[in-house]
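An overview of the molecular structure
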Amino acid sequence: MKISRRYLQFIQGVSQNMIGKIGVALATSAFLVFLLMEVAWFTGLVTNAYIGLISYLALPMLFIVGLILIPLGWKRQQQLTGKSGADLLKEQFEEDGVKAGFAGSGLFQTIAILTLVNVLFMVLASTQTLHFMDQAKFCGTACHSVMNPEWQTYQVSSHANVNCVECHVGEGAKALLDSKVNGLWQMVSLSFNLYERPIPTPVHQLRPARETCEKCHWPAKHYGDELIKHVSFTNAEVTQPLYTTLALKIDAELGSEQVGVHWHIAEGVQVRYGSVDPDRKKIQWVEASYPDGSVKHYQNTRIDAEAPVLEEREMDCVDCHNRATHVYQEPETIVDRMLQEGLIATDLPYIRREALDALRTSAPDKNRGLQQVARHLPAFYQKNYPAIYFKRLTELQNISELLSTEYDRYIHPDMNIDWGVYPSNLGHKNDSGCFRCHHEDMQSVNGQTVAYDCTVCHDIFAYDSKSTFQFMTEVDTTELESAIHEYLKITNY
Ligand code: HEC
Ligand code: HEC
Ligand code: HEC
Ligand code: HEC
Ligand code: HEC
């Protein structure tokens, strides 16, 4: 008997009633469409994550439903006709199909071959599905409005080629399972609109950095001192540049005595802390264990010692690098960079102040916000400096367009994401970051504090100064900043 005839006969045999027919139709069409989609993905014809959602989630599901319906239909047929399975077999399949041959009956062979095909298909489909769901594009775009902010910041970060799952899921079966269970919950919360806006941070179920960051970054890597130069501008009518220059001491070990920022993650060192808030900002105590086995305990005298600790945690990369990928810049950073790069002309009166106002516009939705950003500068100059407005309108429009792009990337009214919602812990803005632990009230029993001197973490060469290395020059007692200049003066470089 020819294979195709045998298969056709088999299909006819199993699809005796409506249930069986639907089952066969579902399984066969899901199978064929899946194969077609694979070809389309493979050739790059289709790249959209929504279509991926259909081809990698819906089709395999339909296929399974179809397979389940087939025996259900068979069972129903038995009930309806009152015949035994053997009788039905004889009735549905030609005599020679049921009769045992050299390698089992023809029917048995057909079933075996089809089962093999099914199993192979399921393996292919599930590996493809897992692989697809691991891609950053899926995570970033499948549930658009929720992940769009993270997706946008991710695409312009140093980790734009690192898949979301490499930081968010980590390695091992348990990590995978945890993330899939969590993912199911996310699908439910998405469907019923239950998720929080903005998505709260810190992410409490993030895998330990040991399993993620440290797969690519080596804690003991030598980074040396890093020279950081910031240029900021004043808001005056004629804007002026101000320079801040720091030499950050990054290394875990710098010589035998002095240690730098990465000391917290050095070999044999462990820093644990307890916070009384879910944001890990109000740190009640911190404990450092040293390579020689000794432990030092510091208590925050600003916080009630009896207050219940909500979270106890071992410090890792993410306590400082919480914005390793989703970098939400501040408006000042954006405008200062554009002024410095010449994208915004410094000779426009009050340009910094007005550019900041444009970015900080408040609007109920993204489109309205974008319109307001685009209108702000032309409107300001038209009203206050008409001559400039008429002469440089195109330039003002170009600047506005650049500002709109930045606004579009960082501000998401539908997710309640405004400036400053996701601050970075890498420095010490607004009492957060390093100053959560490094302050005068974090004390040991004998009154020693966690170091907070301005030169523990960085040498300061200039601090909103007129020149890049101001504090290496002689102090001029007539200047406004002479006191701080005296205090921070660099003598040993
Ligand atoms: C290099 C590692 C890394 C990669 C790659 C990465 N993330 Fe993150 N993600 C983080 C860290 C670190 C946090 C902040 C955790 C914290 O503060 O507790 C975070 C936070 C988030 C949050 C919570 C909101 C926020 O901004 O704090 C979401 C949502 C998120 N990531 C989604 C994604 C998506 C989607 C992708 C891929 C397009 C992705 N992440 C890729 C490291 C990463
Ligand atoms: C799959 C590998 C991989 C993983 C996982 C990874 N990184 Fe990276 N990371 C890189 C690469 C590659 C670069 C360098 C990019 C470049 O030089 O442009 C980088 C750059 C960085 C930088 C310097 C650039 C910057 O944005 O400041 C920091 C800091 C950093 N990673 C921290 C982290 C942290 C924290 C984690 C865990 C949450 C992490 N990385 C996870 C590969 C990885
Ligand atoms: C105590 C806070 C802290 C911890 C913990 C920490 N870092 Fe850093 N790290 C810093 C600071 C501060 C810098 C310098 C920041 C800068 O370049 O702007 C830095 C710099 C880096 C850089 C180099 C960035 C560059 O631009 O060259 C990498 C890569 C990095 N860290 C990775 C890690 C990894 C991986 C871990 C965890 C194993 C980690 N860090 C733990 C604070 C920390
Ligand atoms: C969770 C609390 C915590 C946070 C947050 C934290 N540190 Fe620390 N840090 C400590 C403790 C505890 C020590 C050890 C103090 C000691 O040895 O007495 C320490 C030590 C250091 C040292 C070594 C100082 C010395 O004694 O020479 C440096 C440098 C440092 N931290 C920099 C930073 C920087 C930079 C940040 C922010 C990016 C930061 N730390 C954030 C708890 C913290
Ligand atoms: C525990 C470590 C630590 C201590 C103590 C510390 N800083 Fe910093 N500081 C940092 C880190 C980390 C950054 C971020 C550098 C970067 O931009 O990547 C920073 C950034 C800065 C900046 C640049 C920020 C900007 O807006 O451009 C200034 C200025 C500064 N610190 C001044 C000080 C002064 C003044 C003190 C003393 C009151 C001090 N710091 C104490 C770690 C520290």
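Residues numbered from 1 in each chain as written. Chains lettered and ligands numbered in written order. Predicted model: local features only at pLDDT ≥ 70, side-chain atom pairs only at ≥ 80, totals over all residues.

1. Digging into the overall build of the protein
Helix and strand counts for the protein come out as 18 helices and ten strands. Here the C-alpha radius of gyration of the protein, 32 Å, is well above what a compact globule of 493 residues would show, namely 23 Å. Over its C-alpha atoms, taken along the principal directions, the protein stretches across nearly 110 × 70 × 40 Å. In the protein, buried positions account for 22% of the 493 residues. Considering only residue pairs separated by 6 or more positions, the protein has 60% of its internal contacts joining residues 24 or more positions apart. (Helix = DSSP H or I, 4+ residues; strand = E, 2+ residues; numbered from the N terminus. Rg over C-alpha atoms; globule rule 2.2 N^0.38 Å. Buried ≥ 20, exposed ≤ 12 C-beta atoms within 10 Å, placed from the backbone. Contact = placed C-beta atoms within 7 Å.)

2. Quick notes on the site of ligand 4
As a structural note, the neighbourhood of ligand 4 is formed by 24 residues, with Tyr273, Ala288, Cys320, Cys434 and Cys437 the closest of them. Counting only elements with at least two residues in the shell around ligand 4, the list comes to strand 5 (270–275), strand 6 (283–289) and helix 12 (317–320). Considering each element in turn, the shell around ligand 4 owes the most residues, three residues, to strand 6. The residue inventory of the shell around ligand 4, partitioned by class, reads 17 nonpolar, four polar and three charged. (Near = placed C-beta within 6 Å. Nonpolar A, V, L, I, M, F, W, Y, C, P; charged D, E, K, R; others polar.)

3. With respect to the domain arrangement of the protein
Each assigned domain of the protein is listed with its residue range as follows: domain 1 (3–134), domain 2 (138–216) and domain 3 (331–415). Residues of the side of domain 2 that touches domain 3, tallied by class, amount to two nonpolar, three polar and one charged. (Domains from an automatic or database assignment.)

4. So, helix 2 (residues 18–42)
Its 25 residues place the ends of helix 2 36 Å apart at the C-alpha level, agreeing with the 36 Å of an ideal helix rising 1.5 Å per residue. Every buried residue of helix 2 is accounted for by Gly20, Gly23, Val24, Leu26, Ala27, Ala30, Phe31 and Phe34. (Expected span 1.5 Å × (residues − 1).)

5. A word on the site of ligand 2
Around ligand 2, the surrounding shell holds 15 residues, and the nearest of these are Ser158, Cys213, Cys216, His321 and Ala324. Breaking the shell around ligand 2 down by element, the ones donating at least two residues are helix 9 (164–168), helix 11 (213–216) and helix 12.

6. As for the sheet that holds strand 4 (residues 241–249)
Each strand in a sheet pairs with its neighbour through backbone hydrogen bonds, running either in the same direction (parallel) or in the opposite one (antiparallel). Read from one edge to the other, the open sheet built from three strands follows the order 3-4-10, with strand pairing classed as antiparallel. Each of the sheet's edge strands pairs with one partner strand only, and the pair in question is strand 3 (225–233) and strand 10 (458–465). Each strand of the sheet is rotated relative to its neighbour by a mean of 10 degrees, with strand direction disregarded. Two strands pair when backbone bridges link them, and strand 3 and strand 4 are joined in this way by nine bridges, in the antiparallel orientation. By the bridge assignment for strand 4, Leu227 is matched with Ala247. (Pairing = 2+ DSSP bridges. Axes fitted to C-alpha atoms, helices over the stretch in contact; angles between N-to-C directions.)

7. Some points on the packing of helix 15 (residues 366–384) against helix 17 (residues 393–410)
For any two helices packed against each other, one specifies the inter-axial angle together with the distance between the axes. Packing of helix 15 against helix 17 brings their axes to within 9 Å, and their N-to-C directions diverge by 150 degrees. Considering their axes alone, helix 15 and helix 17 lie roughly antiparallel with respect to each other. Along this stretch, helix 15 crosses helix 17, giving a crossing that reads as right-handed. Residues Gly369, Leu370, Val373, Ala374, His376, Leu377, Pro378 and Tyr381 of helix 15 pack against Leu393, Leu396, Gln397, Ile399, Ser400, Leu403, Ser404, Tyr407 and Asp408 of helix 17. Of the residues assigned to the contact of helix 15 with helix 17, the class counts are eleven nonpolar, five polar and one charged. (Parallel < 35°, antiparallel > 145°, perpendicular 65-115°, else oblique. Left-handed = near helix turned anticlockwise from the far one by under 90°.)

8. Here we look at the pairing of strand 6
In this structure, strand 5 lies alongside strand 6, joined through six bridges in antiparallel fashion. Bridge pairing links Gln270 to Ser289 in strand 6. Adjacent in sequence and paired antiparallel, strand 6 and strand 7 (residues 295–300) are bridged by five residues, among which Gly293 carries a positive phi angle near 95 degrees.

9. Quick notes on the nonpolar core
The nonpolar side chains of a soluble globular protein tend to be buried, and buried together. Ranked by internal contacts, the top residues of the largest apolar core, which has 21 residues, are Ala355, Ala358, Leu359, Leu377, Leu403 and Tyr407. Sorting the residues of this core by element identifies helix 13 (331–340), helix 14 (351–359), helix 15 and helix 17 as the ones contributing at least two each. Top element by residues in this core is helix 17. It accounts for five residues. Ignoring anything within four residues of it in the chain, the contact list for Leu377 reads Glu354, Ala358, Leu396, Ile399 and Ser400. (Core = buried A, V, L, I, M, F, W, Y, C linked by C-beta atoms within 7 Å.)

10. Examining the environment of Asp316
Mapped onto the elements, Asp316 comes out in the loop between strand 8 (311–314) and helix 12. When the C-alpha positions of Asp316 and Val271 are compared, they lie 8.4 Å apart, and in sequence the two are 45 residues distant.

11. Description of helix 14
All buried positions along helix 14 are accounted for by Ile351, Arg352, Glu354, Ala355, Ala358 and Leu359. One face of helix 14 carries all of its buried residues, which in axial projection span an arc of 165 degrees. (Arc of directions from axis to C-beta.)

12. Looking at the packing of helix 14 against helix 15
Running from N to C, helix 14 and helix 15 cross one another at 150 degrees; their axes reach a closest spacing of 8 Å. Taken together, helix 14 and helix 15 sit at an angle that is classed as roughly antiparallel. Handedness of the helix 14/helix 15 crossing: right-handed. Mapping the contact onto sequence places Glu354, Asp357, Ala358 and Leu359 in helix 14 and Val373, His376, Leu377 and Phe380 in helix 15. Here the residues of the contact of helix 14 with helix 15 sort into five nonpolar, one polar and two charged.

13. Overview of the sheet that holds strand 7
Spatial strand order, 8-5-6-7-9: five strands in an open sheet with antiparallel pairing. The open sheet is flanked by strand 8 and strand 9 (442–443), the only strands paired with a single partner. Note: strand 7 against strand 9, two bridges, orientation antiparallel. Its bridge partner lying in strand 9, Gln299 is registered against Gln443.

14. Some remarks on the confidence of the model for the protein
With 94% of its residues at a pLDDT of at least 70, the protein reaches an overall mean of 87. Of all helices and strands in the protein, the one with the weakest mean pLDDT is strand 1 (residues 100–101) (57), whereas helix 14 scores best (98). (pLDDT = per-residue confidence, 0-100.)

15. A look at unusual backbone geometry
In this model, Arg197 is joined to Pro198 through a cis peptide bond whose omega is -10 degrees. That bond from Thr201 to Pro202 is cis: its omega, 5 degrees, falls within 30 degrees of zero. With respect to the helices, strands and loops of the structure, Pro202 is situated in the loop between helix 10 (173–191) and helix 11. If you check the backbone angles, Tyr350 has positive phi at about 55 degrees while not being a glycine. Looking at the secondary structure, you find Tyr350 in the loop between helix 13 and helix 14.

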